[in-house]
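Residue-level structural notes
Residues per chain are reported as follows:
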Amino acid sequence: MKKISLLGATGSIGIQTLEVIRAHPEKFSIHALAFGKNVHKAMPLIKEFRPKLIVVQDEETKELVTKEVSETVVLSGSGGLIEASVADEVDVVVNAILGSVGLPATLKAIEAKKQVAIANKETLVTAGHLVMDAAKEHGVELLPVDSEHSAIYQSLNGENSRDINKLIITASGGSFRDKTREELEGVTVEDALNHPNWSMGAKITVDSATMMNKGLEVIEAHWLFNVPYDQIHVILHRESVIHSMVEYVDSSVIAQLGTPDMKVPIQYALTFPERSEVPAARHLNLEEIATLHFEKMDMERFPCLRMAFEAGRQGGSMPTVLNAANEEAVQLFLEGKISFLDIERHIEEALAEHTRIHNPDLSTILSIDEETRKRVRFHLN
Ligand SMILES: NC(=O)C1=CN([C@@H]2O[C@H](COP(=O)(O)OP(=O)(O)OC[C@H]3O[C@@H](n4cnc5c(N)ncnc54)[C@H](OP(=O)(O)O)[C@@H]3O)[C@@H](O)[C@H]2O)C=CC1
Ligand SMILES: CC(=O)[C@@H](O)[C@H](O)COP(=O)(O)O
Ligand SMILES: [Mn+2]
């Protein structure tokens with residue numbers, strides 16, 4: 001029986017993680033549930049899974065929750081996320097929180113030698129070097145939840161990493177894949193949230209539409225699999241049937257395929273190296289699909305992907321700036337304060353104005369993250 005602390009319980013990945021846990025009561029139980037402010041969504045989950053610890057974003061939410069469940073410990077903020085991640089009883093931390101706010105708890109979970117199933121890609125983008133150094137030092141293997149990285153992890157199974165020629169990450173193209181740059185001028189939040197293949201949280205759905213999601217995934221793959229950027233390729237694959245591939249030196253390509261269902265990589269991260277049935281999974285019917293398409297990525301059409309490759313290659317504090325500017329700009333777009341194309345403009349400007357710091361430590365990363373967000377908000381007016 002694995003005891004789990006789930007960070008981001010009310011989100012798209014969090015809810016699907018709970019579906020997996022609910023389907024396998026003999027394998028998993030919940031120790032802690034952490035979420036932001038969505039008490040309405042959280043209360044039925046708290047009543048069903050009866051966590052020993054609840055963590056929320058702020059004091060106001062803590063008061064609301066405490067009134068409802070006076071017998072359960074409720075904590076708030078980064079300290080609370082860390083408590084949930086290091087508790088003695090916990091075997092696995094599922095980090096399904098949104099944004100770089102998940103970084104300190106991830107580092108503490110690794111230091112406490114917990115298994116970490118990581119969906120929270122912003123943490124790996126903002127401080128991949130710190131996370132991977134800590135994982136190496138404490139002998140912890142991070143289990144990827146992101147579908148492409150789970151596909152790569154599965155395609156690497158049993159292989160010698162020296163034999164990798166390249167990683168091939170597939171991109172659906174997102175909500176606007178068939179629009180020209182001119183046509184992007186007038187798109188709305190509602191249009192952006194209409195992903196062709198996946199049902200996900202708002203921020204990652206916008207990231208898919210700007211192609212920043214793929215950019216973040218390139219940096220995530222660089223850190224998780226220790227592969228240089230020149231050996232990471234992105235290909236447009238509109239069906240999202242092949243979730244990613246590994247090409248080996250002998251020219252063999254190994255891929256993982258499946259219907260677009262995040263419960264599959266979530267469960268694989270929790271049961272690895274074993275597999276079992278995924279609740280309500282639709283199996284792939286290749287005869288029905290009949291044709292798969294692949295197209296070359298156009299870096300001019302998708303400048304966010306270009307910027308992510310550049311920031312990743314430059315390294316140091318550049319990916320921290322890329323991520324923080326993107327998080328803030330996407331939030332402003334979702335709030336209706338900037339246009340879709342303003343997202344990439346804010347990121348480009350933030351990167352251009354930043355002077356790269358080599359090998360930043362945690363406090364430097366946290367302050368660059370905060371300064372970059374302030375800068376994006378400042379340039380709004
Ligand atoms: N959705 C998907 O299919 C995929 C997502 N991912 C990655 O997984 C992560 C989560 O994505 P997704 O589930 O879509 O996001 P959602 O927006 O659906 O959920 C985010 C979760 O994080 C919580 N949260 C946000 N801020 C805080 C905070 N400061 N303190 C505590 N909790 C907080 C939210 O709480 P509340 O509800 O209260 O706001 C919510 O539970 C992201 O990094 C994303 O890139 C990766 C692959 C696929
Ligand atoms: C489900 C998942 O892992 C997402 O990151 C997904 O990959 C988004 O799809 P695209 O970014 O390819 O549109
Ligand atoms: Mn993905």
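Scope of this entry: the structure provided in the associated data block. (Residues numbered from 1 in each chain as written. Chains lettered and ligands numbered in written order. Predicted model: local features only at pLDDT ≥ 70, side-chain atom pairs only at ≥ 80, totals over all residues. Heavy atoms only, no water.)

1. Let's talk about the environment of Ser276
Structurally, Ser276 is set in the loop between helix 11 (263-271) and helix 12 (286-289). Owing to a relative accessible area of 27%, Ser276 belongs among the partly exposed residues under this scheme. As a C-alpha pair, Ser276 and His24 span 252 residues in sequence and 9.5 Å in three-dimensional space. Ser276 has contacts with His24, Lys27, Gln267 and Thr271, leaving out every residue within four places of it along the chain. (Helix = DSSP H or I, 4+ residues; strand = E, 2+ residues; numbered from the N terminus. Buried < 20%, exposed > 50% of the residue type's maximum accessible area, 1.4 Å probe, protein only. Contact = heavy atoms within 4.5 Å.)

2. Considering unusual backbone geometry
The omega torsion of the bond from Phe272 to Pro273 falls at 5°, within 30 degrees of zero and hence cis. With respect to the element layout, Pro273 can be found in the loop between helix 11 and helix 12. If you check the backbone angles, Ser240 has positive phi at about 50° while not being a glycine. When you line up the elements, Ser240 lands in the loop between strand 9 (232-236) and strand 10 (242-248). On the accessibility criterion, Ser240 (6% relative accessible area) is buried.

3. A look at the coordination of the manganese ion (ligand 3)
Around the manganese ion (ligand 3), the protein contributes the donor atoms Asp146 (OD), Glu148 (OE) and Glu217 (OE), at 2.0 to 2.1 Å from the metal centre. Within one chain, the residues donating to the manganese ion (ligand 3) are spaced in sequence as D-x1-E-x68-E. One end of the pair, Asp146, is in the loop between strand 7 (142-144) and helix 7 (147-156); the other, Glu217, is in helix 10 (residues 212-225), and 71 residues separate them in sequence. Residue classification places Asp146 among the buried residues on the basis of a relative accessible area of 8%. Residue classification places Glu217 among the buried residues on the basis of a relative accessible area of 1%. (Donors = N, O, S within 2.8 Å, 3.2 Å for Na, K, Ca; no water.)

4. Describing the site of ligand 1
Taken together, the neighbourhood of ligand 1 is formed by 24 residues, with Thr10, Gly36, Lys37, Asn38 and Glu122 sitting nearest. The separation between an oxygen atom of ligand 1 and a polar main-chain atom of Gly36 is 2.9 Å. At 2.8 Å from an oxygen atom of ligand 1 is found a main-chain nitrogen or oxygen belonging to Asn38. Contact with the protein chains hides 86% of the accessible area of ligand 1, taken as 890 Å² for the molecule alone. Elements that contribute at least two residues to the shell around ligand 1 include exactly helix 1 (12-23) and helix 6 (121-138). Structurally, the shell around ligand 1 is a two-domain feature, drawing no fewer than three residues from each of domain 1 (2-140) and domain 2 (147-261 + 280-307). (Near = heavy atom within 4 Å. Polar contact = N/O pair within 3.5 Å; in protein donor to acceptor, adjacent residues only side chain to side chain. Areas by Shrake-Rupley, 256 points an atom, 1.4 Å probe, with all protein chains shown as cover. Domains from an automatic or database assignment.)

5. Re the nonpolar core
Counting residues in each nonpolar core, the largest one holds 116 residues, and the members touching the most others are Leu322 and Phe340. It is helix 14 (residues 318-334) that provides the largest number of residues to this core, a total of 8 residues. Ignoring sequence-local partners within four residues, the contact set of Phe340 consists of Phe176, Leu184, Val187, Val206, Ala209, Thr210 and Phe333. (Core = buried A, V, L, I, M, F, W, Y, C linked by side-chain atoms within 4.5 Å.)

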